Amino acid sequence: MNEKKQIFALDIGTRTVVGIILEEVKNKKVIKKIVSEEHTERAMLDGQIHDVSAVSQIIQKVKEKMESEFGTLTRVSVAAAGRSLKTEQAKAHLPIRGRILQKEDITHLELMAVQIAEQQMKEKYKDVNTEYFCVGYSVLYYYLNGEKIGNLIDQKGEEAAVEIIATFLPKIVVDSLTMAINRSNLEIDALTLEPIAAIHVLIPPSMRRLNVALVDIGAGTSDIAITDKGTIVNYGMVPIAGDEITEAISDQFLLDFPLAEKAKVQLSCSNKIVIQDILGFETTLTRDEVVEAISPSINSLAKHIANEIVQLNGLKAPKAVMLIGGGSLTPNLADRIAAELNLPKNRVAIRGIDAVQNIDFDTDGNYGPELITPVGIAINANEKPIQYKTVHVNDIPVRLFELKPLTVGECLLQAGIQMRQLYGKPGLAKIIMINGKSMTLSGQLGSPPILKKNGLDCSIDDMISDGDKIIALRGKDGKEAELTIQDLLENQNNTVIIDSKSYNYKPKILVHNKLVNTDYKVRDRDEITIQEPSTIKELLSLLGLSKKMKKIKPFRIQINNQEIHIPSFAGKVIKNNREVPLNSPIKNGDILQLVETYEPTLEELANTQNWQMEYSIPITFNGQDVILREERIKVYRNDQVLRPDEKISNGDQLRVEHHKLQPFIFQDIFRFVEFQIPKETGDYNIFINGHKASFDHPIQPGDRLEIKWLIESKHLGAE
């Protein structure tokens, strides 16, 4: 007679608690009963129990219904929710100067990043005082000297870095789950993780060498697990799921949420549905009409799931995606996820309970992908329960939550050993100042850690067994940095020609303002000054020609409060027959000519600005040549009128007054000649070019002006 083995399993979800009784006879598994009870209040949030008492009451209801048929139940198999997992991204750096990277160095670097991720997570959730178990991590990028690189093995440089995404399970989740079970007069018979349970029944170990993503789409969250290289490599969660689609149906068609949920379920098996909105109107809708109306929400859910899969899978799409959970039945969701991941449609599929081998049902009902996880819990918790393993790390016992095969490195992490501290300390670095800038001279790198498992040498990624004894000793320290000035720079003698004169110069090396030779051994905290010019400006300063440099400036003045720049008066630097700026680079053999800034006269300035300083015409008066002049502009500096020959300095502020041009008249002549009235007065006549005129008669260039007195035998002219 075959002995029956009965398993009671619970799937404690955000919305419902599902109980299963599974009987196992040899290799045959039979589901005897399924009971589902909804939470009456929000006792669960993202997979974590927030109200232990409320959850235990729902568990008690499921238990009592089961006991009415199967008798007293005392032990139960459960799972920690995948949605309670927390992911964190982190980056770790490792100086590698003088070292060729090996696989163990890279593993060490990755675990350093995991440790940093854990610290970041503890800081983020510092209000929750709990331990965390790392259940997987994926490498996003490797870096060498700050640049992304595909593989670090056998590489060398200054610094290696890795960026990872790690997934953690808070111990408080397990503790609250245990408390809720115990309050229902039950004991945990076996414990697993929901994604592990689902993978166990859908993706056996022989298939885990394939890179596959399993997505459990529930009501509030979509839980994700990734397989690759024979194991489960990572887990994650998207905080949206089937309820998003239900809400979209509710909004589009004015349905109460329960009716929208019912309509969503009907869509999975029917091409037409009949709905009644909140106003009492009844409508028949086709599947295509509903899908089109809620298409943005379906697209959003697909995009979120695909993005998280890519993140967890090292920024690449997996080979295939399996969808389970009630939310997986969302119309067209599988096709949309395939499109987001650039996968063929036949690489994304919904997997139902029929995909689980050797399962029979001794209970009525139509069961789809929503039953995968509860069945997986029952089977996996019994066959592959999560174990606690105890190892000794440096003689200190460490208990580990075994969600996957554990390595020496993970034991060190759980023991709280800082991975960075396992390598021997680098040799003493020296911090120096070169021309006011800090520079660190790294010492020789320390050697890798010494690792032993049960007395034998081991590596950081070796697998461990229960009871193993691990010894982790820090590697040897490196030697301190030893460099001379010559190691830091090249010493050269250079020659330049400045204004036809040859100048020799070479770098001057000062340590704490004292001149030293290039064989000087650099000491910690040395302040080194290297007087080696790289520009014309620095060269002039080094050669003591700063005065010349100060005279090489742009020529700028202000005219009536407006600044103008006059290049023709500006200072110039000519290098090898080409004008260059003072910050132009200098090299051995350059020929320089320094043209100082020019101070023009007011008249020279006027020429550049096209000012007409005066208007003048030549005439004759009583036979004498005379030039008549009229000032067109007046230029003031500090309220003082400037003469045309006065110098204008760089930066002067000038005020310019322009006078309107007025034609000369006859009487203007008396401003330019000395004229005496004869003692014997009498009448007179005024002539311009021999024609009588008046004092206000306009005159032109070349006119002949005369005054003739009507006195006998007398004619007085200009003297």
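Residues numbered from 1 in each chain as written. Predicted model: local features only at pLDDT ≥ 70, side-chain atom pairs only at ≥ 80, totals over all residues. Heavy atoms only, no water.

1. Notes on the overall build of the protein chain
Link 1 in the chain: When its secondary structure is counted, the protein chain shows 15 helices and 44 strands.
Link 2 in the chain: For 719 residues, the compact-globule formula gives about 27 Å, and the C-alpha radius of gyration of the protein chain, at 48 Å, lies well above that figure.
Link 3 in the chain: Taking the principal axes of the C-alpha coordinates as reference, the protein chain spans close to 175 × 85 × 45 Å.
Link 4 in the chain: For the protein chain, with 719 residues in total, the buried portion stands at 46%.
Link 5 in the chain: Sequence separation of at least 24 residues holds for 63% of the intrachain contacts in the protein chain that already meet a minimum separation of 6.
Link 6 in the chain: Carbon and sulfur atoms make up 46% of the accessible area of the protein chain, which totals about 38000 Å².
Link 7 in the chain: Side-chain charges of the protein chain comprise 86 positive and 97 negative groups, with the mean position of each set lying 6 Å from the other. (Helix = DSSP H or I, 4+ residues; strand = E, 2+ residues; numbered from the N terminus. Rg over C-alpha atoms; globule rule 2.2 N^0.38 Å. Buried < 20%, exposed > 50% of the residue type's maximum accessible area, 1.4 Å probe, protein only. Contact = heavy atoms within 4.5 Å. Areas by Shrake-Rupley, 256 points an atom, 1.4 Å probe, with all protein chains shown as cover. Lys, Arg positive; Asp, Glu negative; His and termini not counted. Charge placed at Lys NZ, Arg CZ, Asp CG, Glu CD.)

2. Comments concerning the packing of helix α1 (residues 52-70) against helix α3 (residues 171-183)
Link 1 in the chain: Here α1 crosses α3 at 50 degrees, and the two axes come no closer than 8 Å. By the angle class used here, α1 and α3 are oblique. In this structure, α1 crosses over α3, and the sense of that crossing is right-handed. Across from Val-52, Ser-53, Val-55, Ser-56 and Ile-59 in α1, the residues of α3 making contact are Ser-176, Met-179, Ala-180, Ile-181 and Arg-183.
Link 2 in the chain: By residue class, the composition of the contact of α1 with α3 is six nonpolar, three polar and one charged. (Axes fitted to C-alpha atoms, helices over the stretch in contact; angles between N-to-C directions. Parallel < 35°, antiparallel > 145°, perpendicular 65-115°, else oblique. Left-handed = near helix turned anticlockwise from the far one by under 90°. Nonpolar A, V, L, I, M, F, W, Y, C, P; charged D, E, K, R; others polar.)

3. Some points on the sheet that holds strand β22 (residues 430-434)
Link 1 in the chain: Spatially, five strands are ordered β23-β22-β31-β29-β30 in an open sheet, and the strand pairing comes out mixed. Of all the strands in the sheet, the pair left with one neighbour each is β23 (437-441) and β30 (514-515). (Pairing = 2+ DSSP bridges.)

4. Quick word on the pairing of strand β12 (residues 212-217)
Link 1 in the chain: Extensive coverage of β12 is indicated by the burial of six of its six residues.
Link 2 in the chain: Neither face of β12 is open: one carries Val-212, Leu-214 and Asp-216, the other Ala-213, Val-215 and Ile-217, and all of them are buried.
Link 3 in the chain: Pairing geometry for β12 and strand β13 (residues 222-228), over six bridges, is antiparallel. Following the sheet pairing, Leu-214 is matched in β13 by Ala-225.
Link 4 in the chain: Following β12, the chain reverses through four residues before pairing antiparallel with β13.
Link 5 in the chain: Inspection of the sheet shows β12 paired to strand β17 (residues 320-324) by five bridges, in the parallel sense. Note on β17: the bridge partner recorded for Val-215 is Leu-323.

5. Brief notes about a nonpolar patch on the surface
Link 1 in the chain: Taken together, Leu-254, Ile-278, Leu-279 and Phe-281 make up a surface patch of nonpolar side chains, about 440 Å² in accessible area.
Link 2 in the chain: Within the element layout of this structure, Leu-254 appears in the loop between α5 (242-253) and α6 (257-267). (Patch = residues over 30% accessible without salt bridge, like charges linked within 9 Å, V, L, I, M, F, W, Y side chains within 5 Å. Salt bridge = Lys/Arg side-chain N within 4 Å of Asp/Glu carboxyl O.)

6. Quick notes on the sheet that holds strand β18 (residues 348-350)
Sheet strands pair by backbone hydrogen bonding; their relative direction is either parallel or antiparallel.
Link 1 in the chain: Strand order in the open sheet formed by five strands is β14-β13-β12-β17-β18, and the pairing between neighbours is mixed. In the strand order of this sheet, the two ends are held by β14 (231-238) and β18, each with one partner. Across this sheet, the average inter-strand angle for adjacent strands is 20 degrees, counted without regard to direction.
Link 2 in the chain: Its contacts with the sheet place helix α9 (residues 333-340) against β12, β17 and β18, and it is angled at close to 160 degrees to β18.

7. Here's the deal with a positive patch on the surface
Link 1 in the chain: A surface patch of positive charge is lined by Lys-229, Lys-316, Lys-319 and Arg-347.
Link 2 in the chain: Considering the arrangement of structural elements, one finds Arg-347 in the loop between α9 and β18.

8. Some points on the nonpolar core
Link 1 in the chain: Ranked by internal contacts, the top residues of the largest apolar core, which has 59 residues, are Leu-10 and Ile-59.
Link 2 in the chain: Ignoring anything within four residues of it in the chain, the contact list for Leu-10 reads Val-17, Val-18, Gly-19, Ile-59, Val-62, Val-76, Ser-77, Val-78, Ala-79, Ile-181 and Ile-377. (Core = buried A, V, L, I, M, F, W, Y, C linked by side-chain atoms within 4.5 Å.)

9. A short note on the packing of aromatic side chains
Link 1 in the chain: All chains considered together, the criterion is met by nine aromatic pairs.
Link 2 in the chain: Ring centres 6.5 Å apart and planes at 80 degrees place the aromatic pair Phe-621 and Phe-670 in the edge-to-face group. Of this pair, Phe-621 sits in strand β37 (residues 614-621) while Phe-670 sits in the loop between β41 (653-658) and β42 (684-688), and the two are 49 residues apart along the sequence.
Link 3 in the chain: Residue classification places Phe-621 among the buried positions, given a relative accessible area of 0%.
Link 4 in the chain: Members of the aromatic cluster, connected to one another through ring pairs, are Phe-621, Phe-666, Phe-670, Tyr-684 and Phe-695.
Link 5 in the chain: Sitting over the ring of Tyr-143, Lys-91 keeps its end group 3.7 Å from the ring centre.
Link 6 in the chain: If you follow Arg-655 out to its NZ or CZ, it ends over the ring of Tyr-636, 4.1 Å from the centre. (Phe/Tyr/Trp six-rings, centres within 6.5 Å; stacked < 30°, edge-to-face > 60°. Lys NZ or Arg CZ within 6 Å of the ring centre and 35° of its normal.)

10. With respect to the pattern of salt bridges
Link 1 in the chain: Inspection of the entire model under this criterion finds 22 salt bridges.
Link 2 in the chain: Two residues, Lys-452 and Asp-457, come together in a salt bridge whose shortest N-O distance is 2.6 Å.
Link 3 in the chain: Take Lys-452: its relative accessible area is 30%, and that puts it in the partly exposed class.
Link 4 in the chain: Overall, Asp-457 belongs to the exposed group, its relative accessible area being 63%.

11. What about the pairing of β22?
Link 1 in the chain: The pairing of β22 with β23 spans five bridges and is antiparallel. Bridging from a neighbouring strand, Ile-432 pairs with Met-439 of β23.
Link 2 in the chain: What sits between the antiparallel neighbours β22 and β23 is a turn of two residues, in which Asn-435 has the positive phi angle 50 degrees.
Link 3 in the chain: Bridge count for β22 against strand β31 (residues 527-531) is two bridges, and the pairing is parallel. Looking across to β31, one finds that Met-433 is bridged to Glu-527.

12. Observations regarding the side chain of Asp-277
Link 1 in the chain: Along the polypeptide, Asp-277 turns up in the loop between β15 (272-276) and β16 (282-286).
Link 2 in the chain: As a buried residue without a salt bridge, Asp-277 has its nearest oppositely charged side chain in Lys-262, at a separation of 15 Å.
Link 3 in the chain: Excluding residues within four positions of it along the chain, Asp-277 makes contact with Phe-253, Leu-254 and Leu-255.

13. A few points about α6
Link 1 in the chain: Where α6 is concerned, the buried positions are Ala-260, Ala-263, Lys-264 and Leu-267. Down the axis of α6, the buried set is contained in an arc of 100 degrees. They therefore lie on one face.
Link 2 in the chain: Of the surrounding secondary structure, the elements contacted by the buried residues of α6 are α5, β15 and α7 (287-293). (Arc of directions from axis to C-beta.)

14. A word on the environment of Phe-8
Link 1 in the chain: Along the polypeptide, Phe-8 turns up in strand β1 (residues 5-12).
Link 2 in the chain: Considering only alpha carbons, one finds Phe-8 and Asp-683, 675 residues apart in sequence, at a separation of 147 Å.

15. Notes on the side chain of Glu-163
Link 1 in the chain: The topology assignment puts Glu-163 in strand β10 (residues 159-170).
Link 2 in the chain: Although buried, Glu-163 forms no salt bridge, and the nearest oppositely charged side chain, Lys-91, lies 5.0 Å from it.
Link 3 in the chain: At a separation of 2.8 Å, a polar atom in the side chain of Glu-163 contacts the side chain of Gln-89.
Link 4 in the chain: A polar atom in the side chain of Glu-163 sits 2.7 Å from the side chain of Tyr-143.
Link 5 in the chain: Among residues more than four places away in sequence, those in contact with Glu-163 are Gln-89, Ala-90, Lys-91, Ser-138, Val-139, Leu-140, Tyr-141 and Tyr-143. (Polar contact = N/O pair within 3.5 Å; in protein donor to acceptor, adjacent residues only side chain to side chain.)

16. A look at the environment of Tyr-132
Link 1 in the chain: Mapped onto the elements of the fold, Tyr-132 is located in strand β8 (residues 132-144).
Link 2 in the chain: Sequence separation between Tyr-132 and Phe-168 is 36 residues, and the spatial gap between their C-alpha atoms is 5.9 Å.
Link 3 in the chain: Those residues in contact with Tyr-132 that sit more than four places away from it in its chain are Lys-86, Glu-118, Met-121, Lys-122, Tyr-125, Phe-168, Leu-169, Pro-170 and Gln-414.

Structural measurements only, silent on function.
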